[in-house]
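# Breakdown of the fold
Residue strings, one per chain:
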Amino acid sequence: MKTCTKCGAAKPESEYKRCGRRADGTQRHRSDCKACTREYDRAHHATPERQAYLRAYRATPDYREREAARKRSPEYRAVHASVMARRRARLAGLPDDGSGIREWLERHEDEDRWQCHLCFGSFQPGDEIQWDHLDPIAGGEAGTAVENVRAAHGACNISRRNTPLDVWYARVGTPEEAAA
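All of the points below concern the structure found in this document. From a predicted model like this one, the values you see are computed outputs, not experimental measurements.

As a further point, take the pairing of strand β3 (residues 18–21). Where β3 meets strand β4 (residues 27–29), two bridges bridge the pair, whose relative direction is antiparallel. Directly across from Arg18, in β4, lies its bridge partner His29. Hairpin remark: β3 followed by β4, antiparallel, with five residues in the connecting loop; positive phi at Gly25, about 95°.

It is worth spelling out the packing of aromatic side chains at this point. Summed over all chains, the structure comprises four aromatic pairs. Ring geometry for Tyr53 and Tyr57: centres 6.2 Å apart, planes at 10°, overall stacked. Residue Tyr53 and its partner Tyr57 are located together in helix α2 (residues 48–58), separated by four residues, close to a single helical turn. Stacked on the ring of Tyr16, the Lys or Arg Lys2 has its end atom at 5.1 Å from the ring centre.

The phi dihedral of Phe120 is positive, around 60°, even though this residue is not glycine. Assignment of secondary structure puts Phe120 in the loop between α5 (101–111) and β5 (129–133). You can call Phe120 partly exposed: its relative accessible area is 35%. With phi around 55°, Arg161 is a residue other than glycine that occupies positive phi space. Following the sequence through the fold, Arg161 ends up in the loop between α6 (154–160) and α7 (165–172). Accessibility expressed as a relative area gives 66% for Arg161, which makes it exposed.

Criteria and thresholds
Position numbers for residues start from 1 in each chain and track the written sequence from start to end. It should be noted that, the model being predicted, local features are given only for residues of pLDDT at least 70 and side-chain atom pairs only at 80 or more, the latter also being counted only at that level, while totals for whole chains, interfaces and linings use all residues. Calculation of side-chain values draws on the structure's entire complement of heavy atoms; hydrogens and water are dropped beforehand. Any two strands between which DSSP finds at least two bridges are classified as paired. Strands here mean DSSP runs of E at least two residues long; helices mean DSSP runs of H or I at least four residues long; both are numbered from the N terminus. A pair of aromatic rings is counted whenever rings of Phe, Tyr or Trp (Trp by its six-membered ring) have centres within 6.5 Å, and the orientation is called stacked for planes under 30 degrees apart, edge-to-face for over 60 and tilted otherwise. Look at NZ for Lys and CZ for Arg. If either is within 6 Å of the ring centre and within 35 degrees of the ring normal, a charge sits over the ring. Throughout this description, buried means an accessible area under 20% of the type-specific maximum (1.4 Å probe, protein chains only), exposed means over 50%, and partly exposed covers the range between.

Bear in mind that shape data such as this cannot, by itself, settle questions of function.
If you want it as structure tokens, here you go:
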């Protein structure tokens, strides 16, 4: 149980939005409950003045150019892809350990394996790195968990799509066969 700093009611942690992780890896939650957060957001964002300001700001050419450049950046695309993968897994009812790109990178650093898990080629500067699910979300069972996610070249990951790994290797050949 946790006490909301706005309404003073004691509620379970599920009634508070998550807001990151502590140094020990446990989940942190906001100090105000979801109901109080919703109430504040409605009052703050629903005012006609605020809506008029946002419409005018978003109509400026500078905003549109910055937003387009941001969405083209590799960092944005990687985060967006991980968010969408997590959403697809959740909608399919698959498990989700709450990990993200930071945890996936930590795992790869621990294993010291900086190569594509599909073609076993090393990553070079400028390569597009994507995060591939070993067991695909479409028809899979593992979901979005650290143990199920590996780094892959963008082209390799796109060519695989949602094909099971053994079927994909049978179709394109294993990297050892391709090298021979």
